[in-house]
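Per-entry structural report
Letter by letter, the chains look like this.
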Amino acid sequence: MSHIGFPFEPKVVEADKGKDPYSSPFFKSLPPALQEASRDFPHLLDYLNILPVGDFGIPQYIAPLTRDAGSLETKNLIYPAGEGLFVHVLDDPEKVRDWYVGIEPALEHPQLASIVGDVDELLLDFTDEFDLTHDDDELTAALSDALDSIFGYKIVALAAPQARPARKGLLGSLRGLLGRRGNGSGSHKSNLSEKWDLDHEAIAGLKYSIIKEKVGVGVLQPLILDPWIEDIKIGR
């Protein structure tokens with residue numbers, strides 16, 4: 001889960017790997033629909049655990065979102081915006097504009113930089129596949145397939161972010177992010193999930209983040225993916 005730009009002070013939660021997070025009193029207090037979504041996407045529960053519900057209350061879960069939600073007098077709602085991405089909308093106490101928080105999957109690991117370095121090195125063996133792509137959609141699919149191969153199995157719980165319209169220099173930009181041009185075609189495949197002891201959730205979060213940074217638009221990705229966003233204005 002990405003910890004960027006929270007409009008509130010997140011609660012500090014002590015990690016307890018030996019405890020079932022779905023047996024906690026807090027989880028049991030969630031509405032059934034929110035419990036189900038949190039089981040399917042554990043990063044949603046991670047977010048709820050750091051949310052100061054004492055200040056805001058437990059969010060209403062609306063799936064699918066409808067335009068009627070815009071007429072709510074008090075907004076504290078979460079809705080799914082695509083596979084793996086959720087959005088939390090909160091009232092702004094100053095009534096300027098509603099708070100918008102993207103809840104994204106992500107990997108938190110003490111050796112994250114080393115893991116990403118390993119992934120970048122192995123992606124160099126897939127440049128032949130990247131050469132065959134013509135636009136962002138095809139490049140995103142090729143990158144997704146390459147990551148599936150690198151991690152040792154296909155990730156289906158979290159879909160890759162949708163791509164933007166094609167633009168010049170996209171393939172060159174990807175090579176620049178990788179650091180140099182490779183000379184393979186996916187022939188060097190290594191199971192990084194075993195090397196770094198990554199479970200399905202960790203791999204899904206890492207895959208989402210890598211595609212977001214290399215083909216997507218970084219921190220703006222939730223706004224691009226969210227089908228309920230009609231326009232984006234940048235002000236000072």
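Read on for an overview of the structure. Along each chain, residues carry numbers from 1 onward, in the same order as the chain's sequence is written. It should be noted that, the model being predicted, local features are given only for residues of pLDDT at least 70 and side-chain atom pairs only at 80 or more, the latter also being counted only at that level, while totals for whole chains, interfaces and linings use all residues. To obtain the side-chain values, all non-hydrogen atoms of the structure were used and water was disregarded.

1. Regarding the overall build of the protein chain
Working definition: helices are DSSP H or I runs of at least four residues, strands are E runs of at least two. Numbering for both runs from the N terminus. Counting its secondary structure elements, the protein chain contains 11 helices and four strands. Looking at the protein chain as a whole, 45% of its 236 residues are labelled buried. The contacts of the protein chain with a sequence gap of at least 6 include a subset with a gap of at least 24, amounting to 65%. Here the Shrake-Rupley method, with its probe set to 1.4 Å, supplies the accessible areas, and only the displayed protein chains count as covering residues. Surface accessibility of the protein chain: about 13100 Å² in total, with carbon and sulfur atoms responsible for 51%. Throughout, exposure labels follow a simple rule: accessible area from a 1.4 Å probe, protein chains only, divided by the maximum for the residue type, with under 20% read as buried, over 50% as exposed, and the rest as partly exposed. Residue contacts are defined here by distance: any two heavy atoms, one from each residue, within 4.5 Å place the two residues in contact.

2. Concerning unusual backbone geometry
Backbone torsion omega between Ala-63 and Pro-64 reads 0°, so that peptide bond is classified as cis. Among the secondary structure elements, Pro-64 is positioned in the loop between strand E1 (60-61) and strand E2 (76-82). Positive phi outside glycine occurs at Asp-197, with the angle close to 55°.

3. So, the packing of aromatic side chains
Each Phe, Tyr or Trp ring, with Trp reduced to its six-membered ring, pairs with another whose centre is within 6.5 Å; inter-plane angles below 30 degrees give stacked pairs, above 60 give edge-to-face pairs, and intermediate values give tilted ones. Following the criterion strictly, the structure yields eight aromatic pairs and no others. Note on Phe-6 and Phe-8: the rings are 5.3 Å apart at their centroids and 10° apart in plane angle, and the pair reads as stacked. Both residues of the pair, Phe-6 and Phe-8, count as buried. With a centroid separation of 5.2 Å and an interplanar angle of 75°, the aromatic rings of Tyr-22 and Phe-27 are classed as edge-to-face. Residue classification places Tyr-22 among the buried positions, given a relative accessible area of 18%. Feature note: the residues Phe-6, Phe-8, Tyr-47, Phe-56 and Trp-99 constitute an aromatic cluster, connected by ring pairs.

4. Brief notes about the pattern of salt bridges
The rule for a salt bridge is simple: a side-chain nitrogen of Lys or Arg has to be within 4 Å of a carboxyl oxygen of Asp or Glu. Enumeration over the complete set of coordinates arrives at five salt bridges. Between Glu-104 and Lys-212 there is a salt bridge whose closest N-O contact spans 3.4 Å. Remark: Lys-212 occurs in helix H10 (residues 200-214) and Glu-104 occurs in the loop between strand E4 (99-103) and helix H5 (112-123); sequence separation between them is 108 residues. Classification of Glu-104 as buried rests on a relative accessible area of 4%.

5. What about H10?
By definition here, a helix of n residues has an expected span of 1.5 Å times n minus one. For H10, spanning 15 residues, the distance from its first C-alpha to its last is 21 Å, which sits close to the expected 21 Å at 1.5 Å a residue. H10 sits mainly inside the fold: 12 of its 15 residues count as buried. Among all positions in H10, only Ala-202, Ile-203, Ala-204, Gly-205, Leu-206, Lys-207, Tyr-208, Ser-209, Ile-210, Ile-211, Lys-212 and Lys-214 are buried.

6. Digging into the sheet that holds E4
Paired strands, in this sense, are two strands between which DSSP finds at least two bridges. With mixed pairing, the four strands of this open sheet are ordered in space as E1-E2-E3-E4. Both edges of this open sheet fall to E1 and E4, since each of them pairs with a single strand only. As paired strands, E1 and E2 are joined by two bridges and run parallel to one another. Opposite Tyr-61, over in E2, you have Ile-78 as the bridge partner.

7. A few points about a nonpolar patch on the surface
Patch membership is restricted to residues that have no salt bridge and whose relative accessible area is over 30%. Joining uses 9 Å for like charges and 5 Å for the nonpolar side chains Val, Leu, Ile, Met, Phe, Trp and Tyr. Together, Val-219, Leu-220 and Ile-224 line one region of the surface with nonpolar side chains, adding up to about 260 Å² of accessible area. With respect to the helices, strands and loops of the structure, Leu-220 is situated in the loop between H10 and helix H11 (221-225). Using a relative accessible area of 42% as the deciding quantity, one classes Leu-220 as partly exposed.

8. Brief notes about the nonpolar core
We define a nonpolar core as any set of buried Ala, Val, Leu, Ile, Met, Phe, Trp, Tyr and Cys residues linked to one another through side-chain atoms lying within 4.5 Å. Counting 23 residues, the largest nonpolar core has Leu-123, Phe-130, Leu-147 and Leu-198 as the members making the most contacts within it. At the level of elements, H5, helix H7 (136-151) and H10 are the ones that each hand at least two residues to this core.

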